[in-house]
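Here's the letter readout for the chains.
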Amino acid sequence: PNDSIMAEESDTKESSSDFKWIIDPLDGTTNFVHNLPIFAVSIGLQYKNETVLGVVYNPVADKMFFASRKKGAYLNDETISVSSSNTLSDSLIVTGFPYLQDNKWDNSFTIFKEFYSKTQGVRRLGAAALDLCFVAMGRFEVFYEFNLKPWDICAGAIIAEESGAKVTDWDGSKYPSSGERIIASNGYVHDEALNLIKKNNFNFF
């Protein structure tokens, strides 16, 4: 009860505790409203600002992804791992688009078109936490997005990392916990995906 809590649907509760829970009670709200069963509850736990635990649960499919630091990633108690595809041409990509049609809008579709033309396809599912979990289980080779929030990525990112995924910022450095920019891949195609983004003025984002 004394831990800090950051949640999408409520005010942040700050405390002197080293523990902070980062919660999205409904990731994929638009899908939920339209009866599209791609949404989840996402709960991450940070200790001294490092994520140590993540749980993402889709209640419709009764699928629970979870991971804790250095203990692997799981889907309903079965271990999961990333795919072995080693080129973008053999990869399936997942991404999302911001609701705000600002000056980044056109640039984001330029990157989308590049990925679309060089891969087996690009999907937009509308739930970032699940997108990260789907990279973790090998369903997608790459997930990238910008303008997300901490509760969108906290749990999914550690699940992806513990499955063997590489998760970074668009410049290859540590991804910001703010969710400003993130890319997760199976690791084998990470550099190729980063190079595609970098040549499309990624600093604009």
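Just above, that's the structure.
Summary of the structure given here. A quick note: this is a predicted structure, and the numbers were derived from the prediction, not measured. (Residues numbered from 1 in each chain as written. Predicted model: local features only at pLDDT ≥ 70, side-chain atom pairs only at ≥ 80, totals over all residues. Heavy atoms only, no water.)

**Concerning the packing of aromatic side chains**
Phase 1: Scanning all chains against the criterion turns up 13 aromatic pairs.
Phase 2: An aromatic cluster is defined as three or more aromatic residues linked by ring pairs; in this entry it consists of Phe97, Trp105, Phe109, Phe112 and Tyr116.
Phase 3: Above the plane of the ring of Phe134 lies Arg139, whose end atom (NZ or CZ) is 4.7 Å from the centre.
Phase 4: Just above the ring of Tyr175 sits the side chain of Lys174; from NZ or CZ to the centre is 5.2 Å. (Phe/Tyr/Trp six-rings, centres within 6.5 Å; stacked < 30°, edge-to-face > 60°. Lys NZ or Arg CZ within 6 Å of the ring centre and 35° of its normal.)

**Some remarks on the sheet that holds strand β5 (residues 63-68)**
Phase 1: Reading across from one edge, β1-β2-β3-β4-β5-β6-β7 is the order of the seven strands in this open sheet, with mixed pairing throughout. Of all the strands in the sheet, the pair left with one neighbour each is β1 (4-7) and β7 (78-79).
Phase 2: Where strand β2 (residues 19-27) and strand β3 (residues 40-47) come together, seven bridges link them in antiparallel fashion. Along β3, the bridge assignment pairs Lys20 with Gln46. (Pairing = 2+ DSSP bridges. Helix = DSSP H or I, 4+ residues; strand = E, 2+ residues; numbered from the N terminus.)

**Examining the side chain of Glu162**
Phase 1: The topology assignment puts Glu162 in helix α4 (residues 150-162).
Phase 2: A residue is classified by how much of its surface remains accessible, and Glu162, at 18% relative accessible area, is buried.
Phase 3: Setting aside anything within four residues of it in sequence, one finds Glu162 in contact with Ala67, Ser68, Arg69, Lys70, Lys71, Gly72 and Ala73. (Buried < 20%, exposed > 50% of the residue type's maximum accessible area, 1.4 Å probe, protein only. Contact = heavy atoms within 4.5 Å.)

**Points about the sheet that holds strand β8 (residues 93-95)**
Phase 1: With respect to topology, five strands assemble into an open sheet ordered β9-β8-β10-β12-β11, the strand pairing being mixed. The open sheet terminates on both sides in strands that have one partner only, identified here as β9 (122-123) and β11 (166-168).
Phase 2: Across two bridges, β8 lies against β9 in parallel orientation. Paired with Val94 across the strands is Arg123, a residue of β9.
Phase 3: In the packing of helix α2 (residues 105-118) onto the sheet, the strands contacted are β8, β9 and β10 (142-146), and the crossing angle to β10 comes to about 170°. (Axes fitted to C-alpha atoms, helices over the stretch in contact; angles between N-to-C directions.)

**Focus on the packing of helix α3 (residues 128-136) against α4**
Phase 1: Taken N-terminus to C-terminus, the directions of α3 and α4 make an angle of 5°; their axes are 8 Å apart at the nearest point. Comparing the axis directions of α3 and α4 gives the class roughly parallel. Here Ala128, Ala129, Leu132, Cys133 and Ala136 of α3 lie close against α4, whose contacting residues are Asp152, Ile153, Gly156, Ala157, Ile159 and Ala160.
Phase 2: Across the contact of α3 with α4, the residue classes tally to nine nonpolar, one polar and one charged. (Parallel < 35°, antiparallel > 145°, perpendicular 65-115°, else oblique. Nonpolar A, V, L, I, M, F, W, Y, C, P; charged D, E, K, R; others polar.)

Purely geometric stuff here, so don't read any function into it on its own.
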